[in-house]
Amino acid sequence: MAQINFGGVNETVVTREEFPLEKARKVLENETIAVIGYGVQGPGQSLNLRDNGFNVIVGQREGTRSWERAVADGWVPGQTLFGIEEAAERGTIIQYLLSDAGQIAVWPALRKHLTAGKALYFSHGFGITYKERTGIVPPADVDVILIAPKGSGTSLRRMFLEGRGLNSSFAVFQDATGHAFERVVALGIGVGSGYLFETDFKREVYSDLTGERGTLMGAIQGIFAAQYETLRAHGHTPSEAFNETVEELTQSLMPLVAENGMDWMYANCSTTAQRGALDWWKRFRDAAKPVFEQLYEEVATGREAQRSIDLNSKPDYRQKLEEELRELRESEMWQAGAVVRKLRPENN
């Protein structure tokens, strides 16, 4: 472990140089990792662990699309692919990667397989942090740990196949065995993390829910829509509006920010772009800050969690979700985006 100072704050980080893959394999050599759920995070984490040489099985309900996807990915029914309860019984580390609503529904069946000395692993602090709402209270004689990749399971897998790593946070909520730290760090390395930074379950879920609803997904879509609609209202074509709103940001500028930082990107833009960005960014910050403060309060009070639990547990959830996604998909902005993506050189 290393202590890194960011702006006067000391943070604990673990790199792959400090904790190499060989050490991770040694720590987990006698463990069976049961990945429960094959939806968002399950495929990327389980495949990376398997490719890295760990003993991995998958638990998923038979007859579902996710079961069929697991079979297509090489998991063998009766050997490395089982029903949820059988996988949980076989596993010494149970990676609980169902959706938050799914975790609540399956918890009574899963809990009985959490025998002494096992580890219960999450990639989101939701179920534990909001335990009064979820009912997820692990027994005292198991380790409770967290690895939260800072991106989708698809990104985790893609970057792994490219020889890169996606940064992840890690946390220990309960150390029953005295080995929770070694277990969680080994798992973080095993799933393909670039480096690991320490958090706790509460901070992870507060930051994650705020980020998803903010700059990662909700706010960015809102800003995209506001600029696109303004340009279209003033006579700009869909292609021009989309390119200026989305394409230039995602294809040109964000890679520069990722590689070198915002200051470097500013320094390497035209003087006109520099001046405008420097003049306007604080106005956007001041306009957005009250919304973010309100959002964080909703997360911290648990109201946002309860809304997710209530809506995502309804039997017509998938139908309602598809209706809302269709609204996005069929909007003019994203229809223009579909055309623009087809015109990229790599697609021709």
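Residues numbered from 1 in each chain as written. Predicted model: local features only at pLDDT ≥ 70, side-chain atom pairs only at ≥ 80, totals over all residues. Heavy atoms only, no water.

Per an unreviewed UniProt entry, the chain goes by Ketol-acid reductoisomerase and derives from Alistipes communis. Of the comments in the UniProt record for the chain, the one headed Sequence similarities (unreviewed entry) reads "Belongs to the ketol-acid reductoisomerase family." Regarding the chain, the UniProt comment filed under Cofactor (unreviewed entry) reads as follows: "Mg(2+)". (UniProt positions renumbered as here; feature names shortened; annotations may be inferred.)

Student: Now, about the overall build of the chain: what can you tell me, with residues and values included?
Tutor: Across its full length, the chain carries 17 helices and 10 strands. Relative to a compact globule of 348 residues, whose C-alpha radius of gyration would be 20 Å, the chain shows 22 Å and is just as compact. Dimensions along the principal axes, computed over C-alpha positions, put the chain at roughly 65 × 50 × 45 Å. The buried share of the chain, reckoned over its 348 residues, is 39%. (Helix = DSSP H or I, 4+ residues; strand = E, 2+ residues; numbered from the N terminus. Rg over C-alpha atoms; globule rule 2.2 N^0.38 Å. Buried < 20%, exposed > 50% of the residue type's maximum accessible area, 1.4 Å probe, protein only.)

Student: Explain the nonpolar core residue by residue, including any values.
Tutor: Membership of the largest hydrophobic core comes to 31 residues, with the highest contact counts inside it found for Ile33, Trp75 and Tyr121. Elements represented by at least two residues in this core include exactly strand 3 (33-36), helix 2 (42-51), strand 4 (56-59), helix 3 (65-72), strand 7 (119-122), strand 8 (143-149) and helix 9 (180-190). Examining the composition of this core, we find that 6 residues originate from one element, helix 9, more than from any other. Among the nonpolar cores identified, the runner-up in size contains 24 residues, and Ile36, Ala87, Ile136 and Phe201 belong to it. (Core = buried A, V, L, I, M, F, W, Y, C linked by side-chain atoms within 4.5 Å.)

Student: Which residues make up the pattern of salt bridges, and what values go with them?
Tutor: For the coordinates displayed, the defined rule picks out 21 salt bridges. For Glu332, the salt bridge is made with Arg232, and the minimal N-O distance between the two is 2.5 Å. On the criterion of sequence distance, the pair formed by Glu332 in helix 17 (residues 332-343) and Arg232 in helix 11 (residues 218-233) is long-range, its members being 100 residues apart. Note on Glu332: relative accessible area 38%, which makes it partly exposed. A salt bridge links Arg344 to Glu247; the shortest N-O distance between them is 2.8 Å. Highlighted residues: Arg344 in the segment after helix 17 and Glu247 in helix 12 (residues 238-260), separated in sequence by 97 residues. Each member of the pair, Arg344 together with Glu247, is buried. Sharing partners across several salt bridges, the network here consists of Glu31, Asp143 and Arg183. (Salt bridge = Lys/Arg side-chain N within 4 Å of Asp/Glu carboxyl O.)

Student: A description of the UniProt feature "domain: KARI N-terminal Rossmann" (unreviewed entry) in the chain should follow, citing residues and the corresponding values.
Tutor: UniProt marks residues 9-199 with the feature "domain: KARI N-terminal Rossmann" (unreviewed entry), using the numbering shown here. Segment residues 9-199 splits into 38% helix and 25% strand. End C-alpha atoms: 13 Å apart.

Student: I'd like to hear about helix 14 (residues 271-301), residue by residue, with values.
Tutor: Between its terminal C-alpha atoms helix 14 stretches 44 Å, which fits the 45 Å expected from 31 residues at 1.5 Å a residue. Of all the bends in helix 14, the largest measures some 35 degrees and sits at Ala288, one to four residues before the proline Pro290. (Expected span 1.5 Å × (residues − 1). Bend = angle between axes of the 7 residues up to and from the residue.)

Student: Provide a residue-level description of the side chain of Thr199, including the pertinent values.
Tutor: On the secondary structure map, Thr199 appears in the loop between strand 10 (193-198) and helix 10 (201-213). According to the relative accessible area criterion, Thr199 is buried, its value standing at 10%. Not counting residues up to four positions away in its chain, the partners in contact with Thr199 are Leu146, Ser169, Phe170, Ala171 and Glu204. (Contact = heavy atoms within 4.5 Å.)

Student: Quick rundown of the sheet that holds strand 2 (residues 9-15)? Include the residues and the values.
Tutor: The pairing of strands in a sheet happens through backbone hydrogen bonds and is either parallel or antiparallel. Taken together, 10 strands build an open sheet; the order of strands is 1-2-10-9-8-7-6-3-4-5 and the sheet is mixed. In the strand order of this sheet, the two ends are held by strand 1 (2-6) and strand 5 (81-82), each with one partner. Both strand 3 and strand 4 contribute to a ladder of 4 bridges, which runs parallel. Bridge pairing in strand 4 places Ile33 opposite Val56. Where helix 2 meets the sheet, it contacts strand 3, strand 4, strand 6 (93-96), strand 7 and strand 8, and its direction lies at approximately 160 degrees from that of strand 4. (Pairing = 2+ DSSP bridges. Axes fitted to C-alpha atoms, helices over the stretch in contact; angles between N-to-C directions.)

Student: Would you mind going over helix 12 in detail, with residue names and values included?
Tutor: Taking 1.5 Å of rise per residue, the 23 residues of helix 12 would be expected to cover 33 Å, and the 31 Å separating its terminal C-alpha atoms lies within 8% of that figure. Along its length, helix 12 shows its largest kink, about 55 degrees, at Leu249. Taken as a whole, helix 12 has its buried residues at Ala241, Phe242, Thr245, Val246 and Glu247. Tucked inside the fold, the buried residues of helix 12 contact helix 11 and helix 17.

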